[in-house]
Amino acid sequence: MSVDPSESHARWLADIEETQGAKVNYPIIADHDLKVSKLYNMLPAEEPGTSEGRTAATNQTVRSVFVIGPDQKIKLTLTYPMSTGRNFDEILRVLDSMQLTAKHKVSTPVNWKRGDDVIISGSVSDDDAKKMFPAGWRAPKPYIRIVKQPV
């Protein structure tokens, strides 16, 4: 989503491709009237006007990434400062984790990457975990049951 009018998107998509060597291949929603930005608290609700005449400095809070689940609920929000580029590797890492944990009743530890060990969710009893993970697990603490990442 962008607060710029839709006609400006074509220009900046070309700039991104030229300067970053990456073609943007996803849709961009124009939020010219700032309604969506205000609705999701990326700009204060009392912010006046539209995107016309605004500068990067006045739009700097509109730097958020939302992941919306199949249930139409926001599962993740990341807001980047104006001076920091978005980290697509991190966004993809989080998506991998969210999909894995939803399917297998596990949690991913800090700095987890695809293929790393995971933790059996606390909501899974030991009896159920024995059925789900018959090879067993390591448990440095009773509430930390570490297993190989399910596939």
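Up top you'll find the structure we're talking about.
None of the values given here were measured: they were computed from a predicted structure. (Residues numbered from 1 in each chain as written. Predicted model: local features only at pLDDT ≥ 70, side-chain atom pairs only at ≥ 80, totals over all residues. Heavy atoms only, no water.)

(A) Focus on the pairing of strand 2 (residues 74–79). Strand direction decides the pairing type here: strand 1 (residues 64–68) and strand 2, joined by 5 bridges, are antiparallel. Looking across to strand 2, one finds that Ser64 is bridged to Thr79. Hairpin connection between strand 1 and strand 2: a loop of 5 residues separates the two successive antiparallel strands, and Gln72 in this loop has a positive phi of roughly 70°. (Pairing = 2+ DSSP bridges. Helix = DSSP H or I, 4+ residues; strand = E, 2+ residues; numbered from the N terminus.)

(B) Up close: the sheet that holds strand 6 (residues 144–147). Overall, antiparallel pairing links the 4 strands, which are arranged 3-4-6-5 in an open sheet. Only two strands of the sheet have a single neighbouring strand rather than two, namely strand 3 (106–107) and strand 5 (138–141). Sheet topology note: the strand 3/strand 4 (residues 118–120) ladder contains 2 bridges and is antiparallel. Paired with Val106 across the two strands is Ile120, which belongs to strand 4.

(C) Local environment of the pattern of salt bridges. On inspection of all chains with the given rule, the structure shows 9 salt bridges. Close ionic contact of Lys75 with Asp71 constitutes a salt bridge, the shortest N to O distance being 2.8 Å. Assessed through its relative accessible area of 39%, Asp71 is described here as partly exposed. Of the charged contacts, one joins Arg114 and Asp96 as a salt bridge, the two residues approaching to 2.7 Å between their closest N and O atoms. Highlighted residues: Arg114 in the loop between strand 3 and strand 4 and Asp96 in helix 3 (residues 88–104), separated in sequence by 18 residues. (Salt bridge = Lys/Arg side-chain N within 4 Å of Asp/Glu carboxyl O. Buried < 20%, exposed > 50% of the residue type's maximum accessible area, 1.4 Å probe, protein only.)

(D) Structural detail: a nonpolar patch on the surface. A surface patch of nonpolar side chains, about 640 Å² in accessible area, is lined by Met1, Ile29, Val36, Leu39, Tyr40, Ile68 and Ile74. Following the sequence through the fold, Ile74 ends up in strand 2. (Patch = residues over 30% accessible without salt bridge, like charges linked within 9 Å, V, L, I, M, F, W, Y side chains within 5 Å. Areas by Shrake-Rupley, 256 points an atom, 1.4 Å probe, with all protein chains shown as cover.)

(E) Examining the packing of aromatic side chains more closely. Evaluation of the coordinates by the stated rule reveals 1 aromatic pair. One Lys or Arg, Arg145, reaches over the ring of Trp137 and ends 5.9 Å from the middle of that ring. (Phe/Tyr/Trp six-rings, centres within 6.5 Å; stacked < 30°, edge-to-face > 60°. Lys NZ or Arg CZ within 6 Å of the ring centre and 35° of its normal.)

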